[in-house]
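Below, each chain spelled out in residue letters.
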Amino acid sequence: MSETTSKTYDPTAVEHRWQERWAESALYKTDEDPSKPKHYALTMLPYPSGDLHVGHWYAMTPSDSRARFMRMRGYRVLFPIGFDAFGLPAENAAIRRGIHPRKWTYSNIENMRGQLKQMGAMFDLDTEVVTCDPEYYRWNQWFFLKFMEKGLAYRKEAPVDWCPKDNTTLAREQVVGPDRRCERCGTPVVKKNLAQWLFKITDYAEELLDFSGVEWPERVKTLQTNWIGRSEGAEIAFDVPGYGPIEVFTTRPDTLFGATFFVVAPEHPAVEKITTLEREADVRAYVESAGRMTEIDRTDVTREKTGVFTGAYATNPANGEAIPVYAADYVLLGYGTGAIMAVPAHDERDFEFAKKYGIEIRTVIAPPDWDGEPLAEAYPGEGLMVNSDGFDGMPNTEGKKAVTDDLEAKGVGRAAVTYRLRDWLISRQRYWGTPIPVIYCPEHGAVPVPEEDLPVRLPEDAEFMPTGESPLKLDPEFYNTECPVCGGPATRETDTMDTFMDSSWYQYRYLSPHYDEGPFDPEEGEKWLPVDQYTGGIEHAVMHLLYTRFFTKVMRDLGLVSFDEPMTRLFNQGIILGEDAEKMSKSRGNVVNPQEFVDRYGSDALRCFLMFIGPWDQGGPWDSRGIEGIARFLRRAHSLVAGGDASGGEADPKELPRRTARLVKKVTEDLEAFRFNTALASLMEHTNYLLAVKKEAGEEEWRDALRAFVLLLAPLAPHHAEEMWALMGLPYSVHVQEWPGYDEGLVRAEEITLVVQVNGKLRDRIDAPVDISAEDAKELAMKSEKVRSHVEGREIRKSIYVPGRLVNFVVG
RNA sequence: GCGAGAGUGGUGGAAUGGUAGACACGCUAGAUUUAGGAUCUAGUGCCCUCGGGCGUGCGGGUUCAAGUCCCGCCUCUCGCACCA
């Protein structure tokens, strides 16, 4: 170890030296001391793209600082890291350059391990997890089997979303925007009819709406709530003579008497059967044209509604009326029952349709001051029921239940809840993922691979050129197998799993990455679970964060864990933008390379600058010049212990203990609340003060103050603080020291600046003792020349004294 | 259309209803330096007759006092969107 006496700070050398020392001394090996309270801190695991970019730094280093802070405050902290290593980029890179995805991925991981070390984070690398390792994905398969056992995994043939560029199906969550694009590559998705495996996340829809067990940002809770999209209403059967009942879902059973027509989705299985002979040609033409339409056109809200009369009539169960049945593409097969009762008077869409096709618009909920005339537009609001037989005069809010009860009594309806949430489609037609552990036998159908045969290994030498078919289909050695039940010839499932499967439970695997009797060691689980503090981007609000909650609830029902929520607290950091305030991208040429700044200013400067830019949840543009300010601050801080010039300036050395106590309070509260920017601002301000009093301060007080300062700096600038600590001759390591405390009594000032206002306008500032009485304060204020000139000759109508702060005279 | 969030100096941003603009970038002047860079010192919201006046998207309101609370607008960002 080289000497730590240099006067100037050479970040590269110093940081490297401490990183080596930390590794040698296993400083960041997870503390298992059972006498300490546990703190499981987790930052979202990165995809091994090859380079740690500045976005990784922005996500990870504040998270690291927070974990370090908790450690110094006396918690035993688990702060693991791993790699989300399955997924398309590896496969695409392989296709482009002819390297095997495994090789590409592992060489990227190797590279990133070095970069992570350079970051100076306290990750415990012994717990590292790589999700493409059979040791890991074996448990993906195990979970799949458990899901199958519980009836939570099922296979279904249906029209699914297909990305033509990525050549795979997607989960509903991975289709984004009004124009339905692939979340990964932005290509508009198309529908394809395929047999796919799904997880029954909808079974947990109701429980997933309950956020009482988590302290999460409102924003995430709202996003998930909207995504799940709970609607309360009723299911009502409308009889179609000659066919049978067709069920509809409605949130407005109170408007049932106003249902003057009926609509089914063009793809609804009933369409073919109910269409009358003379309407057949028209209906067929319409259904075909709807089928040809792209998803984008079809869901365009501004398009005029179209539809076709089927010739059939449905019976309104409320009044026995026969109402015409239309097929129209504004009704979607995928939501509710794919059929609706149309109430034009009280639904905008039905109103538009009825106008166009000349269907009766019957008011059944009277708007306030209604004159009995036909409505000029749909009235979706509240009111009294009319034209509704025995329900007339009832407020419609009560009518919802009353009508539903009535239908239930007649056996033609019931209260019902519908969710927008769809089951999670997990099949992917790509190579670089977890093989789905199922075998198809001509005799026994879809048979789960026996647990003891796991893992079903991904073959190494597969052909992974994208053809639109699963690459594993081209590997007879893989897919030809025997039926586990009868031993007869059978074939394996050739689809792989969605990579969101991997990240749904990785936080559990970190506890015991090599445990081979289960997904994690339950003893370790007792010690650490659940995650106390999770940090990551908001973009995962309805994908990863919903899936991992679902997984945890299933794990609870499997008896693996005893809690309901995977992560108690969540903090969403913002996004770091390019210098032009645009999203960083290679095509824009605004990508910031962190290495450049680490080389020039050191990793502490980069860490601190990213935390100083602004509130962490806000993100913001990078500023290459701004980092200079942080580098300057760190150099100045270093000069506190390493000699160098102390600056003059006005500052009172007697204030040293008080200012230190205040700083401790401020930084503690700020780090507690993730306000890294203001914590750093306070440390900068304090540094400027310390430099100003350096020459005059008493030796002992100076040392105490400096010690506290270095401890406060430690979570934010770990290398720097370690160096300063060593230069002060204090024992290694600063990072295992106790967080400083402070004396509340000392925090309070003896002297205050009394602000004097006249009619709310600032007129003077006067030094006064902190405990000055209201009378004395007013008297003192009145002595001020500046105040008197504004008060003289006018009547003082009122005077206010805010203790320790200000006096306000109200004059006439 | 519905829902959520945000509008403060040239810039990033600070402000338990009580001194608006902390801290930093940038800029100006000075010191040091052969010069540049670095460093240090001072200044830096706008207007001004140097008394002060005006200032937190706009318009009202509550209050002794409003960036902060209430009402109504405008703009921007994000999410959802024919969801029955």
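On a predicted model such as this, the values are computed, not experimentally measured, just so you know. (Residues numbered from 1 in each chain as written. Chains lettered and ligands numbered in written order. Predicted model: local features only at pLDDT ≥ 70, side-chain atom pairs only at ≥ 80, totals over all residues. Heavy atoms only, no water.)

### Details of the UniProt feature "domain: Aminoacyl-tRNA synthetase class Ia" (unreviewed entry) in chain A
Taking the UniProt record as the reference, the feature "domain: Aminoacyl-tRNA synthetase class Ia" (unreviewed entry) is found at residues 18–210 and 421–611. Segment residues 18–210 splits into 39% helix and 21% strand. End C-alpha atoms: 46 Å apart. (UniProt positions renumbered as here; feature names shortened; annotations may be inferred. Helix = DSSP H or I, 4+ residues; strand = E, 2+ residues; numbered from the N terminus.)

### So, empty space enclosed by the protein
Taken as a whole and judged by the stated rule, the model has 3 cavities of 30 Å³ or more. For the largest cavity, the calculated volume is near 50 Å³. In terms of lining residues, the largest cavity is bounded by Leu52, Trp57, Gln115, Gln118, Asn593, Pro594, Gln595 and Val598. Counting residues per element, the ones that place at least two in the lining of the largest cavity are helix H4 (101–119) and helix H18 (594–601). The greatest single-element share of the lining of the largest cavity, amounting to 3 residues, is contributed by H18. Taken together, the residues that form the lining of the largest cavity break down as 4 nonpolar, 4 polar and no charged. Two domains each donate at least three residues to the lining of the largest cavity, and these are domain 1 (29–137 + 500–577) and domain 4 (594–742). (1 Å grid on protein atoms, 1.4 Å probe; cavity = no way out; pocket = protein on both sides within 12 Å on 5 of 7 lines; lining within 4 Å. Points joined across faces, edges and corners; volume = space filled by probe spheres on them. Nonpolar A, V, L, I, M, F, W, Y, C, P; charged D, E, K, R; others polar. Domains from an automatic or database assignment.)

### Details of the domain arrangement of chain A
Each domain of chain A was delimited in the assignment, giving domain 1 (29–137 + 500–577), domain 2 (150–201 + 433–497), domain 3 (230–419), domain 4 (594–742) and domain 5 (750–811). Domain 1 and domain 3 are separated by 49 Å when their C-alpha centres are compared.

### A look at the packing of aromatic side chains
Using the criterion set out here, one finds 45 aromatic pairs in the structure. A ring pair is formed by phenylalanine 674 and phenylalanine 676, whose centres lie 6.2 Å apart and whose planes are at 80 degrees; its orientation type is edge-to-face. Residue classification places phenylalanine 674 among the buried residues on the basis of a relative accessible area of 9%. Sitting above the plane of the phenylalanine 674 ring, arginine 66 keeps its charged end 4.3 Å from the centroid. Above the ring of tryptophan 528, the side-chain terminus of arginine 76 is found at 4.7 Å from the ring centroid. (Phe/Tyr/Trp six-rings, centres within 6.5 Å; stacked < 30°, edge-to-face > 60°. Buried < 20%, exposed > 50% of the residue type's maximum accessible area, 1.4 Å probe, protein only. Lys NZ or Arg CZ within 6 Å of the ring centre and 35° of its normal.)

### Considering a negative patch on the surface
Negative charge collects at one region of the surface, where Glu699, Glu700, Glu701 and Asp704 lie side by side. Looking at the element boundaries, glutamate 700 is found in helix H23 (residues 699–713). (Patch = residues over 30% accessible without salt bridge, like charges linked within 9 Å, V, L, I, M, F, W, Y side chains within 5 Å. Areas by Shrake-Rupley, 256 points an atom, 1.4 Å probe, with all protein chains shown as cover. Salt bridge = Lys/Arg side-chain N within 4 Å of Asp/Glu carboxyl O. Lys, Arg positive; Asp, Glu negative; His and termini not counted. Charge placed at Lys NZ, Arg CZ, Asp CG, Glu CD.)

### With respect to H18
When H18 is considered as a whole, its buried residues turn out to be Pro594, Phe597, Val598 and Tyr601. The buried residues of H18 occupy an angular sector of 105 degrees when projected down its axis, which confines them to one face. With its phi angle positive at about 95 degrees, glycine 602 sits one or two positions after the end of H18. (Arc of directions from axis to C-beta.)

### Re the side chain of aspartate 521
By secondary structure assignment, the location of aspartate 521 is in the loop between helix H15 (506–509) and helix H16 (522–528). Of the side chains with opposite charge, lysine 527 comes closest to the buried, unpaired aspartate 521, at an N-O distance of 7.3 Å. A polar contact is formed between the side chain of aspartate 521 and the backbone nitrogen of glutamate 523, at a distance of 2.9 Å. Those residues in contact with aspartate 521 that sit more than four places away from it in its chain are Ser512 and Tyr515. (Polar contact = N/O pair within 3.5 Å; in protein donor to acceptor, adjacent residues only side chain to side chain. Contact = heavy atoms within 4.5 Å.)

### Re the packing of helix H7 (residues 218–228) against helix H17 (residues 544–557)
Here H7 crosses H17 at 75 degrees, and the two axes come no closer than 10 Å. As far as their axial angle goes, H17 and H7 are roughly perpendicular. Along its contact with H7, which presents Val220, Gln224, Trp227 and Ile228, the element H17 presents Leu545, Leu546 and Arg549. In terms of residue class, the contact of H7 with H17 is made up of 5 nonpolar, 1 polar and 1 charged. (Axes fitted to C-alpha atoms, helices over the stretch in contact; angles between N-to-C directions. Parallel < 35°, antiparallel > 145°, perpendicular 65-115°, else oblique.)

### Quick look at the pairing of strand S27 (residues 567–573)
The buried count for S27 comes to 5 of 7 residues, which makes it a mostly enclosed element. Here strand S26 (residues 531–537) runs beside S27; their pairing, made up of 6 bridges, is parallel. Looking at the pairing, tyrosine 534 lines up with leucine 570 of S27. Taking the sense of rotation as the criterion, the β-α-β connection linking S26, H17 and S27 turns out right-handed. (Pairing = 2+ DSSP bridges. Right-handed = clockwise from strand over helix to strand, strands pointing away.)

### Some words on the pattern of salt bridges
Taken as a whole and judged by the stated rule, the model has 53 salt bridges. Of the charged contacts, one joins aspartate 532 and lysine 38 as a salt bridge, the two residues approaching to 3.0 Å between their closest N and O atoms. With aspartate 532 in strand S26 and lysine 38 in strand S1 (residues 38–43), this residue pair connects regions lying 494 residues apart in the sequence. Relative accessible area serves as the criterion here: at 11%, aspartate 532 is assigned to the buried category. The partner of arginine 588 in a salt bridge is glutamate 582, and the shortest N-O contact between them spans 3.9 Å. Under the relative-accessibility criterion, glutamate 582 is labelled partly exposed at 38%. The network of salt bridges with common partners includes Glu207, Arg549, Lys553, Arg556, Asp557, Asp564 and Glu565.

### Let's talk about the sheet that holds strand S9 (residues 190–199)
Strands sit in the order S6-S5-S9-S19 across an open sheet of 4 strands; the sheet is antiparallel. Every other strand in the sheet has two partners, leaving strand S6 (168–169) and strand S19 (424–425) as the edge strands with one partner each. Sitting on the sheet, helix H5 (residues 134–149) touches strand S5 (153–163) and S9, and the angle it makes with S9 is about 85 degrees.

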